[in-house]
Amino acid sequence: MTLTIHVQYFAILREQRGLSRETLSTTAATAVELYTELQAKHGFSLPADRLRVAINDEFTAWNAPLRDGAAVVFIPPVAGG
Amino acid sequence: MFRLAETPIDPAALLHSLGEARAGACVTFAGWVRNHNDGRPVEQLDYEAYPALAVKEGERIVAEARAKFPVLGIVAVHRTGSLAIGDLAVWVGVTAEHRDGAYAASRYLIDELKARVPIWKKEHYAGAQPVWINCATRGEHAQAAPPR
């Protein structure tokens, strides 16, 4: 099944992708499958196990199913303070 | 209360907002931009946040501190944007009837904010490429982070 997903990028991922947000079609069933697909396409340096993921502005498990129209954010290691 | 600020933080105003007749203690923490990190001279920093989730997670941490410690008021503010050496990056203020609760909550707040809130820091150096802190994947500045 093909899903329409809204992805927003921050910090190192925003720079490596070269944009802040995009809407894409994917057959990925989970967030980790989507990251793997985008990492291969865009050469993201960070492996998935260094990231967290948020769906619809809430931290979510990597293997949670993606739903059509979801807003996905991959979260690099944070460094506030 | 936790919030992000795109403009300079005003500690005096925040302190005033914590005013409370029942409070006998107020502990404040100020995080400044320092001129070095890991032995390298730093020229400036950029902070970038994922605002929707940063505010949610920051407010969750504030609620946790309220549940864990006997405090009265909590205000925490984190900057975004470009900061210079000496600028205020984060400010945390806690009031309580007695100092023990205020000290403990202050420590909890800054530690959890740094570890959990989706805010990223890019350091700029003299004569070297800028670096997103904690995001290196190879070389001597790579820092292992546990999978979460």
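We now turn to the structure provided with this report. (Residues numbered from 1 in each chain as written. Chains lettered and ligands numbered in written order. Predicted model: local features only at pLDDT ≥ 70, side-chain atom pairs only at ≥ 80, totals over all residues.)

### Points about the overall build of chain B
Here comes step 1: Scanning chain B from terminus to terminus reveals 3 helices and 9 strands.
Here comes step 2: Going from N to C terminus, chain B has its helices and strands arranged as β-α-β-β-β-α-β-β-β-α-β-β.
Here comes step 3: Here chain B has a C-alpha radius of gyration of 16 Å; the compact-globule value for 148 residues is 15 Å, and the two agree.
Here comes step 4: By its C-alpha atoms, chain B is 50 × 35 × 30 Å across when sized along the principal axes. (Helix = DSSP H or I, 4+ residues; strand = E, 2+ residues; numbered from the N terminus. Rg over C-alpha atoms; globule rule 2.2 N^0.38 Å.)

### Digging into unusual backbone geometry
Here comes step 1: Despite not being glycine, Asn56 of chain A has its phi angle at roughly 50 degrees, a positive value.
Here comes step 2: Mapped onto the fold, Asn56 of chain A is located in the loop between β3 (52–55) and β4 (59–60).
Here comes step 3: The phi torsion at Asn134 of chain B lies on the positive side, around 75 degrees, for a residue other than glycine.
Here comes step 4: Among the secondary structure elements, Asn134 of chain B is positioned in the segment after β9 (128–132).
Here comes step 5: Looking at Asn134 of chain B, the number of C-beta atoms within 10 Å reads 20, which means it is buried. (Buried ≥ 20, exposed ≤ 12 C-beta atoms within 10 Å, placed from the backbone.)

### Description of helix α2 (residues 31–42) of chain A
Residues and elements named next belong to chain A.
Here comes step 1: Its 12 residues give α2 an end-to-end C-alpha distance of 16 Å, which sits within 8% of 16 Å, the value for a rise of 1.5 Å per residue.
Here comes step 2: Three or more residues of α2 are buried, namely Ala31, Leu34, Tyr35 and Leu38. Viewed end-on, α2 has its buried residues packed into an arc of 100 degrees, placing them on one side of the element.
Here comes step 3: In this fold, the buried residues of α2 make contact with β1 (3–8), β2 (21–26), β3, β4 and β5 (71–75). (Expected span 1.5 Å × (residues − 1). Arc of directions from axis to C-beta. Contact = placed C-beta atoms within 7 Å.)

### Details of the sheet that holds strand β5 (residues 73–79) of chain B
Residue and element names in this part refer to chain B.
Here comes step 1: Read from one edge of the open sheet, 4 strands run β1-β5-β7-β2, paired in mixed fashion. Strands at the two margins of the open sheet, each flanked by one partner only, are β1 (2–5) and β2 (25–32). The mean inter-strand angle of the sheet, taken between neighbouring strand axes irrespective of direction, is 15 degrees.
Here comes step 2: Pairing between β1 and β5: 4 bridges, direction parallel. If you follow Phe2 over to β5, its bridge partner there is Ala76. (Pairing = 2+ DSSP bridges. Axes fitted to C-alpha atoms, helices over the stretch in contact; angles between N-to-C directions.)

### Here we look at the interface of chain A and chain B
Here comes step 1: Between chain A and chain B, the residue contacts involve 18 residues of the former and 26 residues of the latter.
Here comes step 2: Looking at the side of chain A that touches chain B, the elements with two or more residues in it are α1 (11–17), β3 and β5 of chain A.
Here comes step 3: A class-by-class count of the residues in the side of chain A that touches chain B yields 11 nonpolar, 3 polar and 4 charged. (Nonpolar A, V, L, I, M, F, W, Y, C, P; charged D, E, K, R; others polar.)

### As for the nonpolar core
Residue and element names in this part refer to chain B.
Here comes step 1: By size, the foremost hydrophobic cluster in this structure holds 55 residues, and its most contacted members are Ala65, Val71, Ile74, Ala76, Val94, Ala105 and Leu109.
Here comes step 2: No other element matches the 6 residues that strand β7 (residues 88–96) contributes to this core.
Here comes step 3: Non-local contacts of Ala76, meaning those with residues more than four positions away in its chain, are made with Phe2, Gly58, Val62, Val92, Leu109 and Leu113. (Core = buried A, V, L, I, M, F, W, Y, C linked by C-beta atoms within 7 Å.)

### Observations concerning the environment of Leu66 of chain A
Residues and elements named next belong to chain A.
Here comes step 1: Within the secondary structure layout, Leu66 lies in the loop between β4 and β5.
Here comes step 2: Owing to 21 C-beta atoms within 10 Å, Leu66 belongs among the buried residues under this scheme.
Here comes step 3: On a C-alpha basis, the gap between Leu66 and Thr4 in space is 9.6 Å, while along the polypeptide they are 62 residues apart.
Here comes step 4: What Leu66 contacts, discounting residues up to four positions off in sequence, is Leu3, Ile5, Ala28, Ala29, Thr30, Ala31 and Leu34.

### Side note on the environment of Ile5 of chain A
All names here are of chain A.
Here comes step 1: Here Ile5 shows up in strand β1.
Here comes step 2: As for Ile5 and Tyr35, which are separated by 30 residues in sequence, their C-alpha atoms are 12 Å apart.
Here comes step 3: Non-local contacts of Ile5, meaning those with residues more than four positions away in its chain, are made with Leu24, Thr26, Leu34, Leu66, Ala70 and Val72.

### Comments concerning helix α2 (residues 51–68) of chain B
Here comes step 1: When the terminal C-alpha atoms of α2 of chain B are compared, their 26 Å separation across 18 residues agrees well with the 26 Å that a helix rising 1.5 Å per residue should span.
Here comes step 2: Where the residues of α2 of chain B are buried, they touch β3 of chain A together with β1, β4 (40–49), β5, α3 (99–116) and β8 (119–125) of chain B.

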